[in-house]
Amino acid sequence: MHVSLPAKRSTRAAVALLAAGALMLTAAGCGGDDGDTVSGGPPPNTVKLPSLKGQKLQVTAVWTGTEQENFTKVLKEFEKRTGAKVSFVPSGDDMAGFVGSKVAGGAPPDVAMVGQVGVMREFAQKGWAKPLGPEASAELAKNYAKGWQDLGSYQGKPYGVYFKTSNKSLLWYNTSAFDYAGAKVPKTWQEFLAQAQLISDSGTDAVAIGGQDGWTLTDWFENVYLSQAGPEKYDQLAQHKIKWTDPSVKKALETLAELWGTKGLVAGGRSGALQTAFPDSVTKAFGNKAEPDAGMVFEADFVAANVADAGAELDEDAKVFPFPAVGAKAPVVTGGDVGVALTNSKAAQALLTFLASPDAGTIWAQSGGFISANKNVKFSAYPNASMRKIAQALIAAGNDFRFDMSDQAPASFGGKPAQGEWKALQDFLKNPGNVEGIQRQLEADAAKAYKN
């Protein structure tokens, strides 16, 4: 989901952990252990924070439900350490629109957790976002690889802290559905389609898709495109240096249509998928463990929290495998939520300093459904083997990563409901035969948004 970055940041569009990451995740799916003892104790106290007694701080993010509850635990610890009073306001999916209305009204939130790097850069360009202060910058430099620091910068200045990151190249499967169908974990796209058909033939729709939330469809496209077209083309498309009418886009859409357009492979059919919100797609796969509505669901590591909400056990009822290789190598696309200050308050900078520390990351890691790019968050903080392996793979990538393509786009194209890429891919899910028409629609919207 999500202004073109400077040319020097050619590594910004999607984390290609590729073979090494894929192997680690396969091990995770088998419930392997990395030797760490899971820690459920109090978080570390490594960062010095100022006294903020009597000060109020408003924070906004898209998170609701379990994610909001877990983030609130982080904010409560910040309140405990500083004496500040923090209020949380959900932004809804349209963060740019929400913040824009608050800025226009003269009362922006102090800190926003922004899910699109393009939106973060637009905020910086407009002067809404404030650069990181010295304390937050020092904490960031101490705990994050340079690639993540660069990703949160604008015109050479650090603006944001990537607090919550995600590996967006995972398929989660219901072990009962796989066992009943005799399905095996696939490594290639063709194997994936074959196993999906096997599950469908056994009486269970193969894949649940949360098509009501257009961002899930962009993640499907990006994984197929990265693996099939390769990192160089991916970078070019992310910057709109090639058009969406390019043959490589056509090939990726045709590949997606092999899944989206085949009867019995999409839970509830295409119309059902378009009426399914992302959390409900996870419920379709794991809400009824023995007789699910779907055998698999695709999305990032944060699915783990939704699996728990559905009453299923990770590593038992639910296991995970890497997105299959469509081309020569399996893809791994990453996303993330970056914290930015929208006011010049001392409290806003203090919260960003805290979010850049391993202390804050550890709190949410222990609750599950969270991956940190902070290299000093101990792997033992994660609650199970799967999440530890996913976190290890992300940290092992170091600076060699690319970020979610739509998250890099101008918000009007890659980050808003009912328009741009979200809408076009929903239209494609509705009619997977209209490849060239959707390409023209995507290109028209992209040209208008990128202005290049």
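Only a predicted model underlies this, so the values are computations on that prediction, with no experimental measurement involved. By convention here, each chain's residues receive numbers from 1 onward along its written sequence. Per-residue local features of the predicted model are confined to residues with pLDDT of at least 70, and side-chain atom pairs are confined, for both listing and counting, to 80 or more; whole-chain, interface and lining totals are unaffected and use all residues. Side-chain metrics rest on all non-hydrogen atoms present in the structure, leaving aside hydrogens and water.

1. Details of empty space enclosed by the protein
Under the convention used in this document: A pocket here means an open set of points on a 1 Å grid, computed over the protein atoms alone, that has protein on both sides within 12 Å along at least five of seven lines. A cavity is instead a set of points where a 1.4 Å probe fits but cannot get out; residues with an atom within 4 Å of a point line either one. Grid points are joined across faces, edges and corners, and a volume is the space filled by probe spheres set on the points. Only runs of H or I of at least four residues qualify as helices and only runs of E of at least two qualify as strands under DSSP, and these elements are numbered from the N terminus.
There is about 40 Å³ of room inside the largest cavity. In this structure, the largest cavity is lined by Ala208, Ile209, Gly210, Thr216, Trp220, Phe278, Ser281, Val297, Phe298 and Glu299. Within the residue set of the lining of the largest cavity, elements represented by two or more residues are helix H9 (214–229), helix H13 (278–286) and strand E9 (296–298).

2. A short note on the sheet that holds strand E2 (residues 85–90)
Definition in use: Pairing between strands is defined by DSSP: at least two bridges between them are needed. Axis definition: a line fit to C-alpha positions, over the contact stretch in the case of helices; interaxial angles, taken between N-to-C directions, run 0 to 180 degrees. Throughout, a contact is declared for two residues whenever any of their heavy atoms are within 4.5 Å.
Across the sheet, which stays open at both edges, the five strands sit in the order E2-E1-E3-E11-E6 with mixed pairing between neighbours. For this open sheet the edge positions go to E2 and strand E6 (160–167), each flanked by a neighbour on one side alone. For this sheet, the mean angle separating the axes of adjacent strands, direction not counted, is 20 degrees. Across six bridges, the pairing between strand E1 (residues 56–61) and E2 is parallel. Note on E2: the bridge partner recorded for Val59 is Phe88. Most of the contacts of helix H3 (residues 95–104) go to strand E3 (residues 111–114), to which it runs at about 165 degrees, and overall it touches E1, E2 and E3.

3. Remarks on the pattern of salt bridges
Cut-off, in case you're wondering: By salt bridge we mean one thing: a side-chain nitrogen of Lys or Arg within 4 Å of a carboxyl oxygen of Asp or Glu. Three exposure classes are used, based on accessible area relative to the maximum for each residue type with a 1.4 Å probe and protein chains only: buried under 20%, partly exposed in between, and exposed over 50%.
Considering all chains together, one arrives at 13 salt bridges under this definition. A salt bridge links Asp94 to Lys416; the nearest nitrogen and oxygen atoms lie 2.9 Å apart. Highlighted residues: Asp94 in the loop between E2 and H3 and Lys416 in the loop between helix H19 (411–414) and helix H20 (420–430), separated in sequence by 322 residues. The class of Lys416 is buried, set by a relative accessible area of 15%.

4. Concerning H3
An α-helical turn contains 3.6 residues, so a residue and the one three or four places further along point in the same direction. Those residues of H3 that sit buried are Met95, Ala96, Phe98, Val99 and Gly100. Gly106 sits one or two residues past H3 and shows a positive phi near 80 degrees.

5. A closer look at the nonpolar core
Spelled out, the test is: Nine residue types can take part in a nonpolar core, namely buried Ala, Val, Leu, Ile, Met, Phe, Trp, Tyr and Cys, and a core is a set of them joined through side-chain atoms within 4.5 Å.
In terms of nonpolar packing, the biggest core is built from 92 residues, with Phe71, Phe78, Phe123, Trp148, Phe286 and Leu355 touching the most fellow members. Core analysis: the next-biggest nonpolar cluster, separate from the first, contains 52 residues, Leu171, Phe323, Leu442 and Ala446 among them.

6. Describing the pairing of E3
Burial of the side chains of E3 extends over both faces: Val111 and Met113 are buried on one face and Ala112 and Val114 on the other. Note that E1 and E3 share two bridges and pair parallel. Note on E3: the bridge partner recorded for Thr60 is Ala112.

7. Re the sheet that holds strand E8 (residues 207–208)
With respect to topology, four strands assemble into an open sheet ordered E8-E9-E7-E10, the strand pairing being mixed. Both edges of this open sheet fall to E8 and strand E10 (318–322), since each of them pairs with a single strand only. Bridging between strand E7 (residues 170–174) and E10 involves five bridges; their strand directions are antiparallel. The residue of E10 that forms the bridge with Trp172 is Val320. Each of E7, E8, E9 and E10 is contacted by helix H8 (residues 189–201), which is oriented at about 140 degrees to E9, the strand it contacts most. On the sheet, H9 packs against E7, E8 and E9 and is oriented at approximately 85 degrees with respect to E9.

8. A few points about the confidence of the model for the protein chain
Inclusion rule: What pLDDT expresses is the predictor's confidence in each residue, scored from 0 to 100.
Averaged over every residue, the pLDDT of the protein chain is 90; residues scoring 70 or more account for 91%. Contacts of residues 1–24 to residues separated by more than four positions or lying in other chains number 100 contacts, the stretch itself having pLDDT below 50. Note on residues 26–38: pLDDT is under 50 here. Beyond four places in sequence and across chains, it has 26 contacts.

9. Overview of unusual backbone geometry
The residue Asp315 is not glycine, and still its phi comes out positive at about 75 degrees. By secondary structure assignment, the location of Asp315 is in the loop between helix H14 (303–309) and E10. For Asp315, a relative accessible area of 22% gives the class partly exposed. Of note, Ala418 is a non-glycine position whose phi angle comes to about 65 degrees, a positive value.

10. Remarks on the environment of Gly269
Along the chain, Gly269 turns up in helix H12 (residues 269–274). A sequence separation of 61 residues divides Gly269 from Ala208, and the C-alpha atoms of the two residues are 9.3 Å apart.

11. Focus on the packing of H9 against helix H10 (residues 231–238)
Each pair of packed helices can be described by the angle between their axes along with the distance between the axes. Going by this rule: Here roughly perpendicular refers to angles of 65 to 115 degrees, roughly parallel to angles under 35, roughly antiparallel to angles over 145, and oblique to all remaining angles. Gly is placed with the polar residues, together with every amino acid not listed as nonpolar (Ala, Val, Leu, Ile, Met, Phe, Trp, Tyr, Cys and Pro) or charged (Asp, Glu, Lys and Arg).
Where H9 meets H10, the axes come as close as 7 Å, and the angle between the chain directions of the two elements is 135 degrees. As judged from the angle between their axes, H9 and H10 are oblique. Here Phe221, Glu222, Tyr225, Leu226 and Ala229 of H9 lie close against H10, whose contacting residues are Pro231, Lys233, Tyr234 and Leu237. By residue class, the composition of the contact of H9 with H10 is seven nonpolar, no polar and two charged.

12. Examining the packing of H9 against H20
Two numbers describe how H9 lies on H20: the axes approach to 8 Å, and their chain directions differ by 80 degrees. Relative to H20, the element H9 lies roughly perpendicular. Where H9 abuts H20, its residues Gly214, Trp215, Leu217, Thr218 and Phe221 lie against Glu421, Trp422, Leu425, Gln426 and Leu429. In terms of residue class, the contact of H9 with H20 is built from six nonpolar, three polar and one charged.

13. A look at the side chain of Asp213
Let me state the cut-off plainly: Here Asp and Glu are counted as negative and Lys and Arg as positive; His is not counted, and neither are the chain ends. Side-chain atoms alone can form a polar contact between residues adjacent in sequence; in general such a contact is a pair of N or O atoms within 3.5 Å, and within protein one must be able to donate a hydrogen while the other accepts it.
Secondary-structure assignment places Asp213 in the loop between E8 and H9. Among buried charged residues, Asp213 stands out as having no salt bridge; its nearest opposite-charge side chain is Lys168, 12 Å away. Within the structure, the side chain of Asp213 is placed 2.7 Å from the backbone nitrogen of Phe278, a separation counted as a polar contact. Every residue in contact with Asp213, bar those within four places of it in the chain, is listed here: Asp93, Thr276, Ala277, Phe278, Pro279 and Gln426.

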